[in-house]
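# Coordinates in review
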Amino acid sequence: MINLTKKLERKPKSIQSRKKRWLIVSGILIFIFLITTFLAVRGVYTAGKGLSSHGKALATAVNSQNYDLILQEVKETRSSLGAINTSLNFLFWANFIPFMNGYYSDAKKFSAAGLEDLVAVETILNKLEPQKKELGFNNQPLAGQDRIAQGIKLLKASIPHLDSVEKNFDKASDLVKDINTQKYPEEFKGVKVRDLLTSSKNFIIGASLAVTKNRDALVVAPSALGEPSAKNYLMLFQNDKEIRPTGGFLTAFATLKVDRGQISTTTSDDIYRLDERLLATCESKICPLSPPAPIVKYLPEVDGKPRKAWSMRDSNISPDLSVSAKEFERMFQLLGQGLPFDGIIYIDTQVVEEIIEVTGPIEVLGTKYSAEMDKRCNCPNVIYELENYAEIAAKGEQDRKAILGVLMQQILTRALGTDVEKMPQLVETVARLANHKHVIFYMHDDNTQQALAKLNWIGEVKKFGGDYLHINDSNFAGGKSNLYVNQTVTQEINTQKNGTVKKKITIEYKNPQPFNTWLNGINRDYVRFYVPKGSKLLSSKGSEDKVNTIEDLDKTVFEAFVTVRPQNSRKLELEYEVPYDPKGSYKLMIQKQPGAKDFKYKIKLNGKQVEDFILDMDKEFRYEL
């Protein structure tokens, strides 16, 4: 009895003792956790300051053309980034917290990817060190144009060494490819966080693609940039706010001379000047300028009569750029000058807007071009001014100024003279614009053209072993209304037991803006649906003309016509049968129209919605049935 009592008396003390030990251990663990977290955060902060400092020092070294200092600062930058990566390891617990794990994972991936790219850069720099003098590193700052010339030399010297760093670029790309930058805030304390992260991700992925899958483009780049012999290019400006098959109404032109990286504009004018010369030439001889059927039908003369002659400004009627470019060149040769250029570069208003967003406002002939919103059009100022220029050119005023060449020269000068820190953003911007078909190329040199084709930068209508869709819009005398018209495209796909596919496509057009005399009028849209060859139209609704079926570019094409008024909407529907048997795996390619906005697309397969996305570039899909 006494022993039992003693045991009962001891038990509470034993429980208290264990609680005390637990509290002590917990306290120690919490203390260690807090200290570790504090040291990790301080490590990230300190290393971050070092990264920023060495990053600026690296930019200074590049500007001063000090090769040894560049190599040293690349090593120091890599060391700082490595310290950040190590410090982040001590914050591993963040990976288990639902709200924080995604951001922690992204930070780890970006830092690891940066390390891989810096290792690659350091490797190349070490291999090129014996050539530093002949590569132009003489401790003297270079002007913007000379940077391009030096860049060409660096590229040519680096190409033989790319195999040794391919795995680094590949690993960096794999680390960041799945990061969703859209979840980040647009801006924080004056820093455009989302844009910065998106540009960084795209730059890392782009560098990998350039070194691995698209090395042919790097190989032909020196020649295309005038090394060893100068190249002449015709630049055609497409007004995407007045959409046409290859990206927009041809508004203006400029000639560019590229000589060992030195870029200059020689002539510039609006497209109507060329057409005036063509008309004058054809008054003295017979010119083969019979317009194609769509222009005769939907683009009448000002007096309403059917158009009898075809002009350069309307030459881009084919959605395949090479076909339209050859047609333009055929007309140009009627002027009797042959082809005094090595290829054609097509750009649209998006290019000018986005580059100015990087470089800052530019003034040309008394007019300021900026990315700021302009109340006169509820659009960026540069867009309003370009559309205003297009309208003046269309009116044919004798004192109209040819601004494109001057504007492009100013943009090039500003871009080439930009801070080194902004160069990756500038390169990423230009590459993205090409990927999204706002810059497209037609080169006479076959090797260059084929290299650009691998990048998907030539605006071709592609062959594809599966289902295919390309919707092509042509604004025929509808003002600049594509500035405001938006589209939503829904594809309803149903596989059939007889080895075919039945499809329904619905396009919803909306123009929410009020009427404006020259900007926002009635959009007169000649619409073509490029689908697999042999497809059969079953029914249609919404077209103002009977939907016609033709063949073009090895595709079956359904032709329709709709008008979309300001502050109004329209719907166009087509049902057709595709001679395609998926055999268990359904493949689909959707090609974006050059110059077009990034419209919303939805895909329903056998009654189930499988995709809801923005079509910003060509896309391929595969579904197991």
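The residue count restarts for each chain, going from 1 along the sequence in the order it is written. The predicted origin of the model limits local features to residues at a pLDDT of at least 70 and limits the giving and counting of side-chain atom pairs to 80 or more, whereas totals for whole chains, interfaces and linings rest on all residues. No hydrogens and no water enter the side-chain calculation; it runs on all heavy atoms of the structure.

### Some details on the packing of helix H11 (residues 349–359) against helix H14 (residues 423–435)
Here an axis means a line fitted to C-alpha atoms, over the contact stretch when the element is a helix, while the angle between two N-to-C directions is reported on a 0 to 180 degree scale. The numbering of helices and of strands both runs from the N terminus, where a helix is a DSSP run of H or I of at least 4 residues and a strand a run of E of at least 2. Closest axis-to-axis distance for the H11/H14 pair is 10 Å, and the angle between their directions is 165 degrees. By the angle between their axes, H11 is roughly antiparallel relative to H14. Between H11 and H14 lies a crossing whose hand is right-handed. Where H11 approaches H14, its residues Gln-350, Val-351, Glu-354, Ile-355 and Val-358 are matched on the opposing element by Gln-425, Leu-426, Thr-429, Val-430, Arg-432 and Leu-433. Tallied by class, residues from the contact of H11 with H14 come to six nonpolar, three polar and two charged. Roughly parallel covers angles under 35 degrees, roughly antiparallel covers those over 145, roughly perpendicular covers 65 to 115, and oblique covers all other angles. Helix crossings are classified by the rotation of the near helix relative to the far one: an anticlockwise turn of less than a right angle makes the crossing left-handed, while a clockwise turn makes it right-handed. Contacts are assigned to residue pairs with any non-hydrogen atoms lying within 4.5 Å of each other. Residues are grouped as follows: nonpolar covers Ala, Val, Leu, Ile, Met, Phe, Trp, Tyr, Cys and Pro; charged covers Asp, Glu, Lys and Arg; every other residue, Gly included, is treated as polar.

### A word on the side chain of Gln-491
Take Gln-491: it is sitting in strand E11 (residues 486–495). In this structure, Gln-491 is in contact with Leu-469, Lys-503, Lys-504, Ile-505, Leu-588, Ile-590, Tyr-601, Lys-602, Ile-603 and Lys-604, ignoring residues within four places of it in sequence.

### Some details on the state of the cysteines
Linking two cysteines covalently via their sulfur atoms produces the bond known as a disulfide. Cysteine sulfurs are considered disulfide-paired once they come within 2.5 Å of each other. Tallied over the full model, the rule gives two disulfides. With a sulfur-sulfur separation of 2.0 Å, Cys-282 is cross-linked through a disulfide to Cys-287. Torsion about the S-S bond of the Cys-282 and Cys-287 cystine: about -100 degrees, corresponding to left-handed handedness. This pair shows no difference in class: Cys-282 is buried, exactly as Cys-287 is. Sequence-ordered numbering of the bonded cysteines in the protein chain gives a pairing of 1-2, 3-4. Here the term buried applies to any residue with accessible area under 20% of the maximum for its type, exposed to any over 50%, and partly exposed to those in between, with areas from a 1.4 Å probe on protein chains only.

### Here we look at the pairing of strand E19 (residues 599–605)
Taking every second residue as pointing to the same face, the buried face of E19 carries Phe-599, Tyr-601, Ile-603 and Leu-605, while none of Lys-600, Lys-602 and Lys-604 on the other face is buried. Here E11 runs beside E19; their pairing, made up of six bridges, is parallel. Pairing of Thr-488 across the sheet is with Lys-600, part of E19. Where E19 folds back on strand E20 (residues 608–615), the antiparallel hairpin that results is connected by two residues, among which Asn-606 adopts a positive phi of roughly 50 degrees. Only when DSSP finds a minimum of two bridges between them are two strands counted as paired.

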